[in-house]
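A closer look at the structure
Read off the chains here:
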Amino acid sequence: MKRKSTAIVAALAAVALGAAACGSDSDGGGSSAGGAKDGYKLAFVQGVAGDAFYITMECGIKEEAAKEGATVTTQGAQKFDPTLQTPVLQSVIASKPDAILIAPTDVSAMQQPIAQAKAQGIKIVLVDTTLNDPSVAVSAISSDNTAGGKAAFEAIQKLAPNGGKVLGVGVQPGISTTDARDKGFGDAAKADSKFTYLGVQYSQNDPAKAASIVSAALQKDPDIVGIFASNLFSAQGSATGIRQAGKQGKVNVVGFDAGPEQIKALQDGTVQALIAQQPGDIGVQGVQQAIKALKGESNEANIQTGSTIITKDNLTSAEGQAAAYKASC
Amino acid sequence: MSTIKTAPPVATEDAPTSRLSRVSRLQALQILILLVVTIAVFTALRPDTFLTGFNIRGIVQNTAIYAVLGVGMTFVIITGGIDLSVGSVLVFSGVVADKIMVAYGGQGWGTVLVGLVAALASGLAWGLLNGVLVAKAKVPPLVVTLGSLSAALGFAQIITKGLDLRDAPKTLVDDIGFGNIVGQVPTIAVISAVVVIIGIVLLHRTRFGLYTYAIGSNAEAGRRAGVKVDRHLIKVYAFAGLLAGFAGLLNLGFFQSTTIGGQSNTPLNVIAGVAIGGTSLFGGIGSVFGTVIGLFIPIVLQNGFIQTGVQPFWQQVVVGAVLVAVVYVDQLRRAAAVRGTKTRLPFLSRTGSASRKGSA
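Read on for a plain summary of the structure. (Residues numbered from 1 in each chain as written. Chains lettered and ligands numbered in written order. Predicted model: local features only at pLDDT ≥ 70, side-chain atom pairs only at ≥ 80, totals over all residues. Heavy atoms only, no water.)

**Examining unusual backbone geometry**
All names here are of chain A. One non-glycine residue with positive phi stands out, namely Gln204, at about 55°. Considering the arrangement of structural elements, one finds Gln204 in the loop between strand E7 (195-202) and helix H7 (207-220). Its relative accessible area of 19% is what places Gln204 among the buried residues. A positive phi angle, near 60°, is found at Asn205, a position not held by glycine. By the secondary structure assignment, Asn205 is in the loop between E7 and H7. Overall, Asn205 belongs to the buried group, its relative accessible area being 16%. (Helix = DSSP H or I, 4+ residues; strand = E, 2+ residues; numbered from the N terminus. Buried < 20%, exposed > 50% of the residue type's maximum accessible area, 1.4 Å probe, protein only.)

Here it is, written out as structure tokens:
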């Protein structure tokens, strides 16, 4: 029996090893090929793994890095959550990359861990989200989220010209990007006297919670004309919530981001408009700023990228196609 | 009546080297070997980065809060119970401590001390509630703590309106959360180690620990032997709650945030660590030392996988496989051991002596 269990322990170690080996393969050998002499070693820490927004950003990063002869490894936690991102970041720091591109999951909780990276002599570029004190980074690149939120309200104005009640479905407070979107949307809605702004409800990035928020809100205010869901999961959940309440076609949902599910929802008519950011562009510029910093050139501390409104009308156009996010590179 | 004779706890003092005591020692050893092998593999794959001071420091820091929760969870699981509420109690205590520290004002040690008392009191209150409901109301622990998981998080959200609080005093963040006690030894890890040592002593060297094993092995036998089972169960759950409250303060120092949305997987991760560490979910068997090793394994795996560039989703698969495989191996050995010692099976003496040897 003793021998048997020892064998199983050995087998476990083999499994771990095997996974490590095959994982590197399926990852395109990113890290194992890191020996290129002049190539900088870059690391990209996503806000959450497996999200079309970050995958599109990763595509931009890889493309630009390839031009510069740099290698990229990408890692992300399973949820958009600082308690999960911190250990991921610490492991990435320990692997000693030259620069880290990171989307911090909390404005304050990620401050210290990222400062640790800087203390190790690693150049930091903040992509998409930011920190309370972004000075630890050489550059912070993000969408103009306030403008994005405003664009979302403009989309609702067009879809419901007579006005009415509008609701925001946010992720969770403290994420710089979605806070700015919600603010941009709220300010624009308050400025238009035809519309009543019902405030923001938070879904904690959980589609099921977004669905229950929206179906409950529709119970209370059946005359809601527009919902702005400020990220992917909130939009998915909001669409479900509207279906639950049997209000398809009566409530306009404007989603933020344009992942494959969002595009499908737009085609199906559950979502009436999407505000697409330019994650690929954020990635490209992030790599450019990281390389500049590594070469000792001066950086732009703040870069803002734009957004596009996608509706059913412009979805098939070249503009709409370019704005949609990718599920893989 | 024969009942008095059937279960004398004194028997634990004797029966020095049963087969099980050796097996138990082996169990902790095997998990340790698994950990060492894992570390060796990753060190071989990434010799220049894995076994560095910075990386070890990171791994230890990331395990520290789990270890504090793990000590309490080990006690609860040894009694045959479970505590799903630790993550929510952690959040709740962090929220209460944060509010009270803000009301008290200041950024120094005095404020931290006030926060500590608040966090411990909040954790203890939830633990006592869990304990009373389990021991006196006879509601199954899974249900009780599932209820408090939900309720404690709900109260935390009511107090904060769902917004994470971020007002941790500077001392808590700079000296405890991210500070070093000497050189590069993180304070949070030392604090956690002290809790672990207290846990080990309490479990393996005191009457409190002995009763904990006794209840988990055979509550009725314990009762007949004179253990006040209900009262002891309440104490065990209260202890777990107290530690969750303490972890709440550490969490506040480490993340500078009450992490309201971030602790939903914490109880499951801690339970996984306890199970990998050789504590039986049926109760009666287990060690705090094993739990700590069991908590290190998933964190080391995650760290190593990230450094070797494994796709993130593989990490979950392997951690899940390791959990089931380790518990399966453990089960095989126990089954064999039970067959081997079938003729004399006094549950109390078996676990009591096993635990003594297993603690080293």
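Further notes follow.
**Some words on the packing of aromatic side chains**
All names here are of chain B. Considering all chains together, one arrives at 16 aromatic pairs over all chains under this definition. Residues Phe42 and Phe50 carry aromatic rings whose centres are separated by 5.5 Å and whose planes lie at 35° to one another, so their mutual orientation is tilted. The residues Phe42 and Phe50 share a single accessibility class, namely buried. When the ring of Phe92 is compared with that of Trp126, the centres are 5.6 Å apart and the planes differ by 85°; the resulting orientation is edge-to-face. Of this pair, Phe92 sits in helix H4 (residues 86-104) while Trp126 sits in helix H5 (residues 109-135), and the two are 34 residues apart along the sequence. (Phe/Tyr/Trp six-rings, centres within 6.5 Å; stacked < 30°, edge-to-face > 60°.)

**Quick notes on the environment of Asn180(B)**
Residue and element names in this part refer to chain B. Note on placement: Asn180 falls in strand E1 (residues 180-182). Among the residues examined, Asn180 registers a relative accessible area of 32% and is labelled partly exposed. It is 14 Å that separates the C-alpha atoms of Asn180 and Asn62, two residues lying 118 residues apart in sequence. Those residues in contact with Asn180 that lie beyond four places of it in its chain are Arg57, Val185, Pro186 and Thr187. A distance of 3.3 Å separates the side chain of Asn180 from the backbone oxygen of Gly183, its partner in a polar contact. (Contact = heavy atoms within 4.5 Å. Polar contact = N/O pair within 3.5 Å; in protein donor to acceptor, adjacent residues only side chain to side chain.)

**Overview of the interface of chain A and chain B**
Listed by partner, the interface residues are 50 residues for chain A and 56 residues for chain B. At the junction of chain A with chain B, the criterion picks out one salt bridge. Residue Arg166(B) pairs with Asp106(A) through a salt bridge whose shortest N-O separation is 2.7 Å. Here chain A is connected to chain B by 10 residue pairs in polar contact (both at pLDDT 80 or more). At the level of secondary structure, the elements contributing two or more residues to the side of chain A that touches chain B comprise helix H1 (2-26), helix H3 (82-94) and helix H4 (111-119) of chain A. A per-element tally of the side of chain A that touches chain B places H1(A) first, with 14 residues. Counted by class, the side of chain A that touches chain B contains 22 nonpolar, 21 polar and seven charged residues. (Salt bridge = Lys/Arg side-chain N within 4 Å of Asp/Glu carboxyl O. Nonpolar A, V, L, I, M, F, W, Y, C, P; charged D, E, K, R; others polar.)

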